[in-house]
Amino acid sequence: MDFSLTKEQQALLDTARKLGPLLAKNAARYDEESAFPAENFDALKEAGLTAMTVPKDYGGHGLWMDGNYLGLYLVLEELAKYCSSTSQLLQVHCHGTGYLAWSGTESQKARYFKEVVENGKLFASFGSEASVRQTGPEPFDTMVKPTGDKDKPWRLSGYKGFA
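Since the structure is predicted, the reported quantities are computational estimates derived from the model, not experimental observations.

Draft legend 1. Seen up close, the packing of aromatic side chains. Enumeration over the complete set of coordinates arrives at seven aromatic pairs. Ring centres of Tyr58 and Phe113 lie 5.3 Å apart, and the angle between their planes is 55 degrees; on these two criteria the pair is classed as tilted. Here the residue Tyr58 occupies a position in the loop between α2 (38-46) and α3 (70-80), and Phe113 occupies one in helix α5 (residues 106-119), the gap between them amounting to 55 residues. We classify Phe113 as buried; its relative accessible area is 0%. Geometrically, the ring pair formed by Trp64 and Trp102 is stacked, given 4.6 Å between the ring centres and 15 degrees between the ring planes. Placement of the pair is Trp64 in the loop between α2 and α3 and Trp102 in helix α4 (residues 84-103), with a sequence separation of 38 residues. Here Trp64 falls in the buried class, since its relative accessible area comes to 5%. Through a chain of ring-to-ring contacts, the aromatic side chains of Trp64, Tyr69, Tyr99 and Trp102 assemble into a single cluster. The ring of Tyr30 carries the charged tip of Arg29 above its face, separated from the ring centre by 4.5 Å.

What follows is the structure, given as structure tokens:
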């Protein structure tokens with residue numbers, strides 16, 4: 001396996017290093033407030049790091065495609081040195097856009113990648129770990145249901161045994 005970086009991957013890693021001091025400055029406050037690192041994500045969006053796993057055909061960097069993993073994970077590692085929460089949340093977003101790149105329809109890709117690249121929209125995901133409350137076959141602890149409310153159309157509920 002070739003562990004050398006392309007010029008584009010190195011540029012993304014250099015960008016992550018430059019953002020490090022801002023992320024470090026905010027890290028303790030976000031942890032203490034249990035708050036989403038909004039200012040950090042504004043900087044990530046401005047720097048193009050939220051488009052790392054968006055395919056190049058849609059204006060992204062195309063990381064995580066065709067075995068192109070190294071650059072993404074080096075950037076995430078670099079960011080984690082300064083704010084692990086920001087890095088983990090960016091990883092969730094990047095995996096979400098990566099999954100869409102792999103399995104989405106052309107219509108879905110055109111719609112959602114444009115929102116990421118041009119408008120800074122973020123992807124999120126949810127799931128459920130194995131229940132720590134029982135042994136044997138696993139029931140689903142996490143459920144998502146429609147609410148009928150236009151502003152908050154979904155309600156997610158469940159038991160979080162790992163965080």
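Draft legend 2. Quick peek at the environment of Thr6. Relative to the helices and strands, Thr6 resides in the segment before α1 (7-33). Between the C-alpha atom of Thr6 and that of Gly71, which follows or precedes it by 65 residues, the distance is 8.4 Å.

Draft legend 3. Representation of unusual backbone geometry. Here Trp64, not a glycine, exhibits a phi torsion of approximately 80 degrees, which is positive. The phi torsion at Asp66 lies on the positive side, around 50 degrees, for a residue other than glycine.

Draft legend 4. Structural view of α5. Over its 14 residues, α5 extends 19 Å from the first C-alpha to the last, a length consistent with the 20 Å expected when each residue adds 1.5 Å. Those residues of α5 that are buried lie in contact with α4. Of the residues flanking the end of α5, it is Gly120, one or two places downstream, whose phi is positive at about 70 degrees.

Parameters and conventions
Residues numbered from 1 in each chain as written. Predicted model: local features only at pLDDT ≥ 70, side-chain atom pairs only at ≥ 80, totals over all residues. Heavy atoms only, no water. Phe/Tyr/Trp six-rings, centres within 6.5 Å; stacked < 30°, edge-to-face > 60°. Helix = DSSP H or I, 4+ residues; strand = E, 2+ residues; numbered from the N terminus. Buried < 20%, exposed > 50% of the residue type's maximum accessible area, 1.4 Å probe, protein only. Lys NZ or Arg CZ within 6 Å of the ring centre and 35° of its normal. Expected span 1.5 Å × (residues − 1). Contact = heavy atoms within 4.5 Å.

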